[in-house]
Amino acid sequence: MTTGPGGEGAAVTAAVRAAPRRRSPAAFRRRCSPAAFWRGRLRRWRTRRLLEAHLLVLFLCAVLAATALSLSCRQAQRSAEALATREAPAVQGLAATRLAALRSYQEAQYLVNRDLVDVAGSSEAYRAQLSAADQGLSRIADRTDQDLGTVNGLLATYGNSLSLGTSQYRDQPLMREQKLREAYSLLTRTEVGVVPRLHRLEGNQLRHAEATAALGRWRRAGWWLGELALAALALTLLSALFVLRDRCGRDWNPYLLAAFVLTVLLAVVPLTALSATGRGLDRAIGNLHLITEVSGRGGLAAAQQSVTDRSELVRRELDGGTWAARVYEGTLVGGPLVVVLPALGLVLRLDGDYWRRR
């Protein structure tokens, strides 16, 4: 069977059409790109409804993120401030007061044992320690909710007995010894003495400090909620920018770009500040534990110096609370902006392209 020229051309054309076409790598990448995927997902939406849906989601995510972030930053800032101004100084003050009270008896006993009571100026050492204990309690009263009335009364009675034992009964050894024993009993008597009471108050104050510094379940949930809302906000902003360029043929919207940059900053900076503040609070609590341990053992002079050094370390660690305050102020400014900027960018576009045409 022979085939004419026309038949051969038709057969070749049919064969060429039937042969599979090879797609270029660039075309394949464009077809499988994230832009193509997202374009396919949004294809069934009309442009106006799509932009209005983006506007609603952006507003809800921004309000949620700004609220959760502001509240969480405020709580972190309050915790750092309370620990720096109330809880930590109270723990340090109670430890210092307890050591000063013990040191005052030690100095008085040294004078009596060495027969130095009648020497001019010899009583200044124990009187200085007694005065430090009294002033320490006065300062603590403004930094704690615990009742210090009983301890104040006991410390005053102890100081009176100590003064009588070292000053008034110089020529009456028996009365002097009796007053010194009375002072020692007031100072160290189990459960009811000055030192045991101060030790209990110190432990209670340390637990208050730990509770203040702890992040807690609800605070942690607030941070997670804020971060998730910011992540959703960032993704929605990227989607809105893509829709405007893909369907409306517009350049990058400056309001949405500014909102995206601000969203990234709000997601990173407060979280970094929280981590730094949390580490500082943890180190401060660790030093407060060491202060409590050191003040209960070892030589009194060395313990007093150690408490002073550790207190300075605590103060330095808690200086990071000023950063938390600045970050909180930043969230108060950035929160409303992250709500307004996306809404303004999309409202202006919808008003110019769709809403005025009604």
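Because the structure is a prediction, the values reported are computed rather than measured. (Residues numbered from 1 in each chain as written. Predicted model: local features only at pLDDT ≥ 70, side-chain atom pairs only at ≥ 80, totals over all residues. Heavy atoms only, no water.)

Enquirer: Sorry, what's going on with the overall build of the chain here?
Expert: What the chain contains, in helices and strands, is 12 helices and 0 strands. Tracing the chain from N to C terminus, the helices and strands come up as α-α-α-α-α-α-α-α-α-α-α-α. Residues counted as buried form 41% of the 358 residues belonging to the chain. Taken as a whole, the chain presents about 20500 Å² of accessible surface, with 57% of it coming from carbon and sulfur. (Helix = DSSP H or I, 4+ residues; strand = E, 2+ residues; numbered from the N terminus. Buried < 20%, exposed > 50% of the residue type's maximum accessible area, 1.4 Å probe, protein only. Areas by Shrake-Rupley, 256 points an atom, 1.4 Å probe, with all protein chains shown as cover.)

Enquirer: Could you clarify how one ought to interpret the confidence of the model for the chain in this entry?
Expert: Detailed conclusions should not be drawn from predicted coordinates in areas where pLDDT is low. Averaged over all residues, the pLDDT of the chain is 80; the fraction at 70 or higher stands at 77%. Averaged pLDDT values for the elements of the chain fall to 48 in helix H2 (residues 25-31) and rise to 90 in helix H8 (residues 194-213). Of the regions scoring below 50 in pLDDT, residues 1-5 engages in 1 contact with residues more than four places distant in sequence or in other chains. (pLDDT = per-residue confidence, 0-100. Contact = heavy atoms within 4.5 Å.)

Enquirer: It is not clear to me how the pattern of salt bridges should be interpreted in this structure. Could you clarify?
Expert: A pair can form between side chains of opposite charge whenever their charged atoms are brought close. One pass over the full model with this rule turns up 10 salt bridges. Put simply, Glu312, Arg315 and Arg316 are held in one network by salt bridges that share partners. (Salt bridge = Lys/Arg side-chain N within 4 Å of Asp/Glu carboxyl O.)

Enquirer: Sorry if this is basic, but what is going on with the nonpolar core here?
Expert: A general trend in soluble globular proteins is that nonpolar side chains are found buried together. One finds Leu230, Leu233, Leu256, Val338 and Leu346 to be the most contacted residues of the largest nonpolar core, which totals 34 residues. For this core, the secondary structure elements donating two or more residues are helix H4 (47-113), helix H9 (217-247), helix H10 (254-294) and helix H12 (321-353). For this core, the leading source of residues is H4, giving 11 residues. Excluding residues that lie within four positions of it along the chain, Leu346 makes contacts with Leu51, His54, Leu55, Leu58, Leu244 and Leu256. Of all hydrophobic cores here, the second largest spans 26 residues; its members include Val112, Leu148, Ala183 and Val195. (Core = buried A, V, L, I, M, F, W, Y, C linked by side-chain atoms within 4.5 Å.)

Enquirer: Which parts of the structure should I look at to understand the environment of Thr277?
Expert: By the secondary structure assignment, Thr277 is in helix H10. For Thr277 and Leu318, which are 41 residues apart along the polypeptide, the C-alpha to C-alpha distance reads 8.1 Å. Polar contacts involving the side chain of Thr277 include one to the main-chain carbonyl oxygen of Ala273, which spans 2.8 Å. (Polar contact = N/O pair within 3.5 Å; in protein donor to acceptor, adjacent residues only side chain to side chain.)

Enquirer: Whenever I open this one, the environment of Asp282 confuses me. Can you help?
Expert: Note on placement: Asp282 falls in helix H10. Exposure remark for Asp282: the relative accessible area of 54% places this residue in the exposed category. With 72 residues separating them along the chain, Asp282 and Glu210 place their C-alpha atoms 8.8 Å apart.

Enquirer: What is the right way to look at the layout of surface pockets in this model?
Expert: Rolled over the atoms, a probe sized like a water molecule indicates the empty space that remains. There is about 350 Å³ of room inside the largest pocket. Partitioning the lining of the largest pocket into residue classes produces 9 nonpolar, 4 polar and 4 charged. (1 Å grid on protein atoms, 1.4 Å probe; cavity = no way out; pocket = protein on both sides within 12 Å on 5 of 7 lines; lining within 4 Å. Points joined across faces, edges and corners; volume = space filled by probe spheres on them. Nonpolar A, V, L, I, M, F, W, Y, C, P; charged D, E, K, R; others polar.)

Enquirer: I keep staring at unusual backbone geometry and nothing clicks. Help me out?
Expert: Generally, phi is negative for residues other than glycine and the peptide bonds are trans, each holding for most cases. Not every positive phi belongs to a glycine, and Glu191 is a case in point at roughly 75°. As for its position among the elements, Glu191 is in the loop between helix H7 (173-188) and H8.

Enquirer: Is there a simple way to think about a nonpolar patch on the surface in this case?
Expert: Side chains of Val261, Val264, Leu265, Val268 and Val269 sit close together on the surface and give an oily, nonpolar patch of about 390 Å² of accessible area. Tracing the backbone shows Val268 in helix H10. (Patch = residues over 30% accessible without salt bridge, like charges linked within 9 Å, V, L, I, M, F, W, Y side chains within 5 Å.)

Enquirer: Hey, could you run me through empty space enclosed by the protein in this one?
Expert: Per the stated rule, a full pass over the model turns up 1 cavity of 30 Å³ or more. Approximately 50 Å³ is the volume attributed to the largest cavity. Taken together, Cys73, Ala76, Trp223, Pro270, Ala273, Leu274, Thr277, Ala324 and Val327 make up the lining of the largest cavity. For the lining of the largest cavity, the elements supplying multiple residues, two or more each, are H4, H10 and H12.

Enquirer: Sorry, what's going on with the side chain of Gln146 here?
Expert: Residue position: Gln146 is located in the loop between helix H5 (124-140) and helix H6 (149-168). Setting aside residues no more than four positions away along its own chain, Gln146 makes contact with Leu201, Asn204 and Gln205.

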